[in-house]
Amino acid sequence: QVQLVESGGGLVQAGGSLRLSCVASGRYIGTAIAAWHRQAPGKQRELVASISRTGYGNYVDSVRGRSTISRDDAKNTVYLQMTDLKPEDTAIYYCTIGVLSSIYWGQGTQVTVSS
């Protein structure tokens, strides 16, 4: 069983930055694919970014160039650095870890961007 705890969300003005963290426990995640998803009010949950075991990142078009996903396997932690935040980035952000055939979700962290 993997437990994920996200942190780093908050209220920020447009143009600001945040770094989200996701700390995993219960299993070493160094061989897992990790990702960040988000869900805005009234919208479907969407994949924001993913990172491979080797550190290769993929991004949804709306955040590409403004966000960086990274991992520190020694700390069992995944990060999402977001810059130039926009009001449309407002959402609950969730971390996921894929282990074998299971996907584990965190409880989410709220990001609110004011205009």
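Numbers given for residues are sequential positions, taken from 1 along each chain in its written order. Only residues with pLDDT of at least 70 are given local features in this predicted model, and only at 80 or more are side-chain atom pairs given and counted; all residues enter the totals for whole chains, interfaces and linings. Each side-chain value is derived from all of the structure's non-hydrogen atoms; neither hydrogens nor water enter the calculation.

When helices and strands are tallied, the protein shows 0 helices and 11 strands. Strands are runs of DSSP state E lasting at least two residues, helices are runs of H or I lasting at least four, and both sets are numbered from the N terminus onward. What you see in the protein, going N to C, is helices and strands ordered as β-β-β-β-β-β-β-β-β-β-β. Here the globule rule reads 2.2 Å times residues to the power 0.38, and the radius of gyration is calculated from C-alpha atoms. Relative to the compact-globule value of 13 Å for 115 residues, the protein shows a C-alpha radius of gyration of 13 Å, a close match. Seen through its principal axes, the protein has C-alpha atoms that stretch 40 × 25 × 20 Å. For the protein, contacts bridging at least 24 residues in sequence account for 54% of all contacts bridging at least 6. As displayed, the protein offers around 6,100 Å² of accessible surface, 50% of which is attributable to carbon and sulfur atoms. The distance from the centre of the 11 positive side-chain charges to the centre of the 8 negative ones in the protein is 4 Å. Only heavy atoms matter for contacts: two residues are in contact if any of them lie within 4.5 Å across the pair. To be clear on the numbers: accessible area is Shrake-Rupley with a 1.4 Å probe, and residue cover counts the displayed protein chains and nothing else. Positive charge is attributed to Lys and Arg, negative charge to Asp and Glu, and no charge count is given to His or to the chain ends. The atoms used to mark charge sites are NZ of Lys, CZ of Arg, CG of Asp and CD of Glu.

Turning our eyes to something else, we now look at the side chain of T90. Mapped onto the secondary structure, T90 falls in the loop between β8 (77-82) and β9 (91-99). We define a polar contact as two N or O atoms separated by no more than 3.5 Å, with the added condition that, inside protein, one atom must be a possible hydrogen donor and the other a possible acceptor, whereas residues neighbouring each other in sequence contribute only through side-chain atom pairs. Of the polar contacts made by the side chain of T90, one reaches the backbone nitrogen of V113; its length is 2.9 Å. With residues up to four places along the chain from it excluded, the contact list for T90 reads A40, P41, Q110, V111, T112 and V113.

The subject of this paragraph is the environment of V78. Turning to its location among the elements, V78 is positioned in strand β8. Of the residues examined, V78 reaches a relative accessible area of 0% and is grouped as buried. Along the backbone, V78 and A35 are 43 residues apart, and their C-alpha atoms lie at a distance of 8.2 Å. Contact partners of V78, with chain neighbours within four places excluded, come to L20, S21, C22, I29, A34, W36, I69, S70, R71 and I97. Categorising residues by exposure relies on relative accessible area from a 1.4 Å probe, with only protein chains included: less than 20% of the type maximum marks a residue as buried, more than 50% marks it as exposed, and the intermediate range marks it as partly exposed.

The subject of this paragraph is the sheet that holds strand β7 (residues 67-72). By the convention used here, strands pair only if DSSP detects at least 2 bridges between them. Pairing is antiparallel in the open sheet, where 4 strands are placed in the order β1-β3-β8-β7. Looking along the sheet, the strands with just one partner apiece sit at the ends: β1 (3-7) and β7. Ignoring strand direction, the axes of neighbouring strands in this sheet form an average angle of 15 degrees. Pairing between β7 and β8: 6 bridges, direction antiparallel. Across the sheet, T68 pairs through a bridge with Q81, a residue of β8. Orientation is described by axes fitted as lines to C-alpha atoms, over the contacting stretch for helices, and by angles from 0 to 180 degrees between their N-to-C directions.

Definition used for salt bridges: Asp or Glu carboxyl oxygen within 4 Å of a side-chain nitrogen of Lys or Arg. In this structure the tally under the stated criterion is 6 salt bridges. Here D61 ties to R64 by a salt bridge, and the two come within 2.4 Å at their closest N and O atoms. Overall, the relative accessible area of 62% leaves D61 in the exposed class. The network of salt bridges with common partners includes R38, E46, R66 and D89.

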